[in-house]
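Structural characterization, general
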Amino acid sequence: MHHFHLLKTVLVKKETNDSIHIAFEVPPHLRHEFSFKQGQYINVRFIFGDDDLRRSYSIVNAPTEGNSQIEILVKHLTDGKVSTFLNNELKLGDEVEVQAPMGHFYTHYHASNEKTYVGLAAGSGISPVLSNLKEALYQEPKSKAYLFFSNRSVNDIIFRRELDNLVEKFQGRLQVIYLLSREKHFEDELFEGRICADKLEQIFSRYTEIPVQEATYFICGPSEMIKDISGYLKNSCKVPSLQIMYEYYAAPDDDENAEMSDEFKAIPNLESMVTLIIDDDEYSFHLNSKKRNILDQALHDNLPVPFACKGGVCCTCKAQVMEGEVFMEKNFALTDDEVERGFVLTCQCHPTTNVVMLNYDV
Ligand code: FES
């Protein structure tokens, strides 16, 4: 279930100066394994020399658009080896190692719903938000969607043409409002700057037809933006948490030194026998609770553990605790319900009992 498959590129197209739109063809024998939900992501893997590099990219297309292709958008990051390769060297027809879609940044749609969906996206955060809004519009003929999308400048607007086409296609049901953070382009100050709580308050007072408390929100962008606007929606607008979905790009900056947290210092210093169940096989190793996390030790021992971000964001390394207890340092990916059911992110876990068993297959 954690295997990578070689998928061929059928689209490699510059989207903006620093981003590329890629589509992979899913051959018929993999369509079941690669069937996806709106807002999910895939992991890609590249072996560069001794480095096994994995990256997660959100799927841009919507399930209703078909299951024969998976599209992603890759923003070029300075010093990003994978994003540099994908932006500068990937060609049409190249094969890339891709893992089946995963993630839970989505809600369920029903044809009888008459709802309002609000997308709040910054830059490449558009991908999973767009996938969700498209699916909502395809699946729910009576629902409406608003997208507030911030980019640095007009030339940086990702998927501008597709978005404008969608506005026409779903006439009266989709509104796309662009905000620009580094270019004065519009007459109206409302459309200048980034999306933040203050900006959202102004947006709501302008777009009074949005039923703020009843709407469902999809947020994807930098961590400060997510924290700011999800806090505003919950605390000031009293939007129920279940209606606010967000997806992090990367771990929040202020968590970089989290291994030094007081909670981590307080865990017992002990030797543990850790057993991992991966694809029906069992692997065991000794691990000191204060040393490496469980995923790093497993990788050090060359075990076939699934991973991508190693930062508590992507959820690829998720496993369920079957025996013993672990301390999880960060979690930006699991839902409260998953945590209650004993799921953990193994890239963030240290054993806190002498025996620990984790199952990756659930
Ligand atoms: S590898 Fe991404 S959350 Fe652990």
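Residues numbered from 1 in each chain as written. Predicted model: local features only at pLDDT ≥ 70, side-chain atom pairs only at ≥ 80, totals over all residues. Heavy atoms only, no water.

Bringing the UniProt feature "domain: FAD-binding FR-type" (unreviewed entry) in the protein chain into the picture now. Mapped onto this numbering, the UniProt entry annotates "domain: FAD-binding FR-type" (unreviewed entry) at residues 2-108. Summarising residues 2-108: 7% helix, 45% strand, and an end-to-end C-alpha distance of 25 Å. (UniProt positions renumbered as here; feature names shortened; annotations may be inferred. Helix = DSSP H or I, 4+ residues; strand = E, 2+ residues; numbered from the N terminus.)

Read from one edge to the other, the open sheet built from five strands follows the order β9-β8-β7-β10-β11, with strand pairing classed as parallel. Edge positions in the open sheet fall to β9 (174-180) and β11 (244-248), since each of these has one partner strand only. Strand-to-strand twist in this sheet, taken as the mean axis angle between neighbours without regard to direction, amounts to 10°. With five bridges connecting them, strand β7 (residues 116-122) and strand β10 (residues 216-221) associate as parallel partners. Bridge pairing in β10 places Y117 opposite T216. Contacting β8 (144-151) and β9, helix α3 (residues 160-169) runs over the sheet at an angle of about 150° to β9. (Pairing = 2+ DSSP bridges. Axes fitted to C-alpha atoms, helices over the stretch in contact; angles between N-to-C directions. Contact = heavy atoms within 4.5 Å.)

Turning next to helix α4 (residues 197-206). Think of an α-helix as 3.6 residues a turn; residues three or four steps apart then line up on the same face. When α4 is considered as a whole, its buried residues turn out to be A197, K199, L200, I203 and F204. With its buried residues spanning 155° around the axis, α4 presents them on a single face. Among the exposed residues of α4, those pointing more than 90 degrees away from its buried face are D198 and S205. Where the residues of α4 are buried, they touch β7, β8, β9, β10 and α5 (223-236). (Buried < 20%, exposed > 50% of the residue type's maximum accessible area, 1.4 Å probe, protein only. Arc of directions from axis to C-beta.)

Another point: the environment of N288. On the secondary structure map, N288 appears in strand β13 (residues 281-288). With residues near it in sequence (within four places) discarded, N288 still touches N269, L270 and E271. Of note is the side chain of N288, whose polar atom sits 2.9 Å from the side chain of E271. (Polar contact = N/O pair within 3.5 Å; in protein donor to acceptor, adjacent residues only side chain to side chain.)

A few words on the pattern of salt bridges. For the coordinates displayed, the defined rule picks out 15 salt bridges. The partner of E65 in a salt bridge is K134, with the nearest N and O atoms 3.2 Å apart. With a gap of 69 residues between them, E65 in the loop between β4 (51-58) and β5 (69-75) and K134 in helix α2 (residues 126-139) connect regions that are remote in the sequence. Overall, the relative accessible area of 37% leaves E65 in the partly exposed class. A salt bridge links D337 to R341, with the shortest nitrogen-to-oxygen separation between them at 3.3 Å. Given the relative accessible area of 43%, D337 is considered partly exposed. (Salt bridge = Lys/Arg side-chain N within 4 Å of Asp/Glu carboxyl O.)

What follows is about the sheet that holds β13. Spatially, the five strands line up as an open sheet ordered β13-β12-β18-β14-β16, and their pairing is mixed. Of all strands in the sheet, those with a lone pairing partner are β13 and β16 (343-345), marking the two edges. This sheet shows a mean twist of 35° between the axes of neighbouring strands, independent of strand direction.

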